[in-house]
Amino acid sequence: MQVTQEKIGQHRAIPLHLAIIMDGNGRWAQQRHMPRRLGHYKGAARVRSLIEYCTRAGVQCVTLFAFSTENWQRPEDEVQALMALFVEYLDKELPAMLANQVRFRALGALDRFSSEVRERIEKAQKQSANNHGLLLNVAVNYGGRWDILNAVQTWQDEHPQAPLRTLQPEALSDYLSTRGQPDLDLMIRTGGESRISNFLLWQAAYAELYFTDTLWPDFDEKALQAAFEWFATRDRRFGQVQKSAI
Ligand code: IPE
Ligand code: IPE
Ligand code: MG
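This one's a predicted model, so the numbers in the text were calculated from it and none came from an experiment.

S.K.: Could you give an account of the nonpolar core, with specific residues and numbers?
M.R.: Core analysis: the biggest nonpolar cluster contains 47 residues, and Leu18, Val62, Phe104, Leu136, Ile188, Leu224 and Phe228 have the highest contact counts within it. The biggest single contributor to this core is helix α4 (residues 76-99), with ten residues. Filtering out sequence-adjacent residues up to four positions away, Leu18 remains in contact with Cys54, Val59, Cys61, Val62, Thr63, Leu184, Leu186, Ile188, Leu224 and Phe228.

See below:
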């Protein structure tokens, strides 16, 4: 049975904003003596049904880590394969996103991409802009350090007279790539590592962190349901004391 806001009967039983570090594609392929590229294809094929599951469960926003600022350091052929996959994914998935009212946004330093990739991103963002369903952020050439630095620099550009020391945390949040979106509630990392790898560093301040050994191409609806059930048991104190202890 699917966990939903209604079934659990509590507002926060399901994350409003879910982020996923989709890790383990390469190992999934290597275990099968297949090229790593095929692991990435298998992994991408997982996304649509999980987004549909999130929509049914009442998640408002999903942020997927698809390519980090550090992933450029991989062998050239793997980087090329990932770029080709991203273009193919956007071409193939855009009709389904539009049909499902999904709003697509790319997060990251997009100027590093070829014009082919940038055009696809702009098209998907534009065509889905007025959808009113789930917001899907795909983080590409994204790094949490880049996001914070970019936010500070943009703020300073817009407030040339203001001393930097007047910048407050709440104001900085409005300059991050996730501005205007719900706070991050749950971050899932597949693939067995217990680290954030420069994903949403600022946004993860009070997110619940869920690590699983399951490799991303094997992460199905049941696995996501298990993560949601775990999330529903968390006591989120945000630095305060438990209500029952006061
Ligand atoms: C995650 O899978 C996808 C990207 C980083 C693009 P990996 O390619 O990191 O898979 P492993 O960690 O090598 O198994
Ligand atoms: C994080 O995975 C980036 C993505 C899933 C896109 P990595 O595989 O790049 O992370 P590390 O190198 O294990 O920390
Ligand atoms: Mg990895």
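Next, the rest of the story.
S.K.: Would you mind going over the environment of Ala171 in detail, with residue names and values included?
M.R.: Relative to the helices and strands, Ala171 is located in helix α7 (residues 169-173). Once the C-alpha coordinates of Ala171 and Thr69 are considered, the two residues, 102 residues apart in sequence, prove to be 25 Å apart.

S.K.: With reference to specific residues and values, describe the pairing of strand β6 (residues 208-211).
M.R.: Side-chain alternation along β6 places Glu208 and Tyr210 on a buried face and Leu209 and Phe211 on a face that remains uncovered. Two elements, strand β5 (residues 186-189) and β6, share four bridges in a ladder whose sense is parallel. In the strand pairing of β6, Ile188 is matched with Tyr210.

S.K.: Account for the pattern of salt bridges, with residues named and values stated.
M.R.: Using the criterion set out here, one finds eleven salt bridges in the structure. Of the charged contacts in the structure, one is a salt bridge between Arg27 and Asp23, with a shortest N-O distance of 3.3 Å. Accessibility expressed as a relative area gives 17% for Asp23, which makes it buried. Among the salt bridges present, the one from Arg36 reaches Glu78, with a minimum N-O distance of 2.8 Å. Note that Arg36 is positioned in helix α3 (residues 36-57) and Glu78 in helix α4, a separation of 42 residues in sequence. With a relative accessible area of 27%, Arg36 lands in the partly exposed category. For Glu78, a relative accessible area of 9% corresponds to the buried category.

S.K.: I'd like a rundown of the packing of α3 against α4, residues and numbers included.
M.R.: As a packed pair, α3 and α4 sit with axes 10 Å apart at the nearest point and diverge in direction by 25°. Overall, the two elements α3 and α4 adopt an arrangement that is roughly parallel. Helix-helix and strand crossings are classified by hand; for α3 and α4 the assignment is right-handed. Here α3 contributes Arg36, Arg37, His40, Tyr41, Ala44, Val47 and Arg48 to the contact with α4, which in turn contributes Glu78, Ala81, Leu82, Ala84, Leu85, Glu88, Tyr89, Glu93 and Ala96. Class assignment for the residues of the contact of α3 with α4 results in nine nonpolar, one polar and six charged.

About the criteria used
Throughout, a residue's number is its position along its own chain's written sequence, starting from 1. To label them, take the chains in the order written and letter them from A, then take the ligands in the order written and number them from 1. Only residues with pLDDT of 70 or above have their local features reported here, since the model is predicted, and side-chain atom pairs are shown and tallied only from 80 upward, although totals for entire chains, interfaces and linings are computed over all residues. Only hydrogens and water are set aside; all other atoms, that is, all heavy atoms of the structure, feed into the side-chain values. Nonpolar cores are built from buried Ala, Val, Leu, Ile, Met, Phe, Trp, Tyr and Cys residues. Side-chain atoms within 4.5 Å join them into one set. Buried residues are those whose accessible area, probed at 1.4 Å on protein chains only, stays under 20% of the maximum for their type, while exposed residues exceed 50% and partly exposed ones sit between those limits. A run of DSSP states H or I qualifies as a helix once it reaches four residues; a run of E qualifies as a strand once it reaches two. Both are numbered from the N-terminal end. Contacts between residues were defined by any pair of non-hydrogen atoms, one from each residue, lying within 4.5 Å. DSSP bridges decide pairing: two strands pair if at least two such bridges lie between them. Any Lys or Arg side-chain nitrogen located within 4 Å of an Asp or Glu carboxyl oxygen qualifies as a salt bridge. Axis definition: a line fitted to C-alpha atoms, over the contacting stretch in the case of helices. Angles run 0 to 180 degrees between N-to-C directions. By definition in this entry, angles of less than 35 degrees are roughly parallel, angles greater than 145 are roughly antiparallel, angles of 65 to 115 are roughly perpendicular, and the rest are oblique. Handedness of a helix crossing follows the sense of rotation of the near helix relative to the far helix, less than a right angle counterclockwise being left-handed and clockwise being right-handed. Think of it as three bins: nonpolar holds Ala, Val, Leu, Ile, Met, Phe, Trp, Tyr, Cys and Pro, charged holds Asp, Glu, Lys and Arg, and polar takes everything else, Gly as well.

Shape descriptors only; they carry no functional weight alone.
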